[in-house]
Amino acid sequence: MKTDKETFSGVKTPIYVLEEEKLRRNLKLISDVARKSDTEIILAFKAFALWRTFPIFREYIHSTTASSLNEARLAYEEFGSPAHTYSPAYTDDEIEDIARYSSHVTFNSLSQYERFHQKVKAANSSTSLGLRINPEYSEVGTLLYNPCAPGTRFGVTSDLLPDQLPDDIEGFHCHCHCESGSDVFKRTLLYIEEKFSRWFSQIKWINFGGGHLMTRSDYDIPLLLSLLTDFHNRYPHLRVILEPGSAFAWQTGPLVSEVVDIVSNNGIQTAILNVSFTCHMPDCLEMPYHPEVRGAKVIEDVNAKGDNIYRLGGNSCLSGDFMGSWQFDEPLHVGSRVIFEDMIHYTTVKTTMFNGISHPSLGLLKKDGNIEIMKVFGYEDYKNRMN
């Protein structure tokens, strides 16, 4: 079915629309960075896991990263290659299956390593083992997303590592970024090397984690290439891995919704939508950040008065399921389309069915202008989750 890219007319809402051309643009940039820097860049499922699009991804990248048994299995069965797996805590009843689905297994602590490393090797002798390290430095401003905040549960600090690593530890993994630029990576790398380079001669690979938002328009790609090249020159024996999530799906498509009612209270007009912030855009409330709405201007003063100013409200029973305010060019009415930009990364993997509210459908806008509906959610999806 053909559709207008601006309004998505004729497409039933609510729906997430992933645009193939924009996805391929990101994938090409990422694969070029990987080739030019001799770095392996892999997809983090925690940000994007629409497996029906994996055939597109496989044209550009070869591996993925998982944080659980289900993600590792998805990598193995649907992406077609074993996962680079890290979890804050593995369990006895899952570790052997995780090992079978994984090319790499990274432990969050030395105690997890002691408990499970032999089981991993017994289940899959080719699995490469690693430790997550914590350089105790991060420029992530929002505490909820700061993996190196004081008291964090993530990673081993340098003072806790033995002088000689266990014989079967082959790599380090660290994660210090969130939608960060290469200038942040430059500063972070100083801390990583200062605290952990003494062990680099004992390992074969290092994974610098995610949060490298290289597909953002203002990201300094030449600086990233320079940093990675210089690192290779200092440690030529180390294979370098990056595992961004947001970078792959950054600015690749919107969430399309409709107004179902307009209510007024104390001078505030709220346009109630057929989507929910808490169910379908949780980072808007958790982060929080103001999403961009197509054809509307953010109004910083929630008490501002003027024409066509609306708070946008979700359709759940959570009192705080709203954001505001936006000013539209024209008055909204029941049936008006409200299109939230850049709503593919993290949203599609973090949605819930709180209140029994159905997920938006999943659509792929093909290069020829036709839209393919990949998934429509219904009652059985909700019922099966409650079973």
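Everything that follows concerns the structure shown earlier in this document.
Residues numbered from 1 in each chain as written. Predicted model: local features only at pLDDT ≥ 70, side-chain atom pairs only at ≥ 80, totals over all residues. Heavy atoms only, no water.

Undergrad: Requested: an account of the packing of helix α1 (residues 20–37) against helix α7 (residues 221–234), with residues and values cited.
TA: Between α1 and α7, the least distance of the axes is 9 Å, while the angle of their chain directions is 30°. Between α1 and α7 lies a crossing whose hand is right-handed. Contact residues: Leu 29, Val 33, Lys 36 and Ser 37 in α1; Ile 221, Leu 224, Leu 225, Leu 228 and His 232 in α7. Here the residues of the contact of α1 with α7 sort into 6 nonpolar, 2 polar and 1 charged. (Axes fitted to C-alpha atoms, helices over the stretch in contact; angles between N-to-C directions. Helix = DSSP H or I, 4+ residues; strand = E, 2+ residues; numbered from the N terminus. Left-handed = near helix turned anticlockwise from the far one by under 90°. Contact = heavy atoms within 4.5 Å. Nonpolar A, V, L, I, M, F, W, Y, C, P; charged D, E, K, R; others polar.)

Undergrad: Lay out unusual backbone geometry in plain terms, naming residues and giving numbers.
TA: Omega for the peptide link from Thr 13 to Pro 14 comes to 0°, which places this bond in the cis form. The topology assignment puts Pro 14 in the segment before β1 (15–19). Of note, the bond from Gly 324 into Ser 325 is cis; its omega dihedral lies within 30 degrees of zero at 0°. Mapped onto the secondary structure, Ser 325 falls in strand β15 (residues 322–328). At Asp 38, a position not held by glycine, the phi torsion is positive, near 55°.

Undergrad: Account for a nonpolar patch on the surface, naming residues and giving values.
TA: Taken together, the side chains of Leu 285, Leu 318 and Phe 354 make up a nonpolar region of the molecular surface, amounting to roughly 230 Å² of accessible area. Relative to the helices and strands, Leu 285 resides in helix α10 (residues 282–286). (Patch = residues over 30% accessible without salt bridge, like charges linked within 9 Å, V, L, I, M, F, W, Y side chains within 5 Å. Areas by Shrake-Rupley, 256 points an atom, 1.4 Å probe, with all protein chains shown as cover. Salt bridge = Lys/Arg side-chain N within 4 Å of Asp/Glu carboxyl O.)

Undergrad: Run through the nonpolar core, naming residues and quoting values.
TA: Judged by nonpolar contacts, the single largest core of 93 residues is most densely connected at Phe 172, Phe 200, Phe 208, Met 214, Leu 312 and Phe 340. Leave out the neighbours within four places in its chain, and Met 214 touches Leu 29, Ile 30, Val 33, Ile 41, Tyr 219, Ile 221, Leu 224, Leu 242, Pro 244 and Ala 247. Ile 15, Val 17, Val 256 and Ile 371 belong to the second largest nonpolar core, which has 8 residues in total. (Core = buried A, V, L, I, M, F, W, Y, C linked by side-chain atoms within 4.5 Å. Buried < 20%, exposed > 50% of the residue type's maximum accessible area, 1.4 Å probe, protein only.)

Undergrad: Can you tell me about the sheet that holds strand β10 (residues 239–242), naming the residues and giving the values?
TA: Spatially, the 9 strands line up as an open sheet ordered β2-β10-β9-β8-β7-β6-β5-β4-β3, and their pairing is parallel. The sheet is open, and its two borders are formed by β2 (40–41) and β3 (43–44), each paired with just one other strand. Both strand β4 (residues 64–66) and strand β5 (residues 83–86) contribute to a ladder of 2 bridges, which runs parallel. Across the sheet, the residue bridging to Ala 66 is Thr 85, located in β5. Sheet contacts for helix α3 (residues 69–79): β4, β5 and β6 (102–107); angle to β4, the most-contacted strand, approximately 150°. (Pairing = 2+ DSSP bridges.)

Undergrad: Can you explain the pairing of β1? Please cite residues and give values.
TA: Within β1, 5 of the 5 residues are buried, which leaves the element mostly enclosed by the surrounding structure. The two faces of β1 match: Ile 15, Val 17 and Glu 19 on one face and Tyr 16 and Leu 18 on the other face are all buried. Bridging between β1 and strand β11 (residues 255–265) involves 2 bridges; their strand directions are antiparallel. What sits directly across from Ile 15, in β11, is Val 256. In the sheet, β1 pairs with strand β17 (residues 361–365) via 5 bridges, with the strands oriented parallel. When the bridges of β17 are listed, Glu 19 appears paired with Leu 365.

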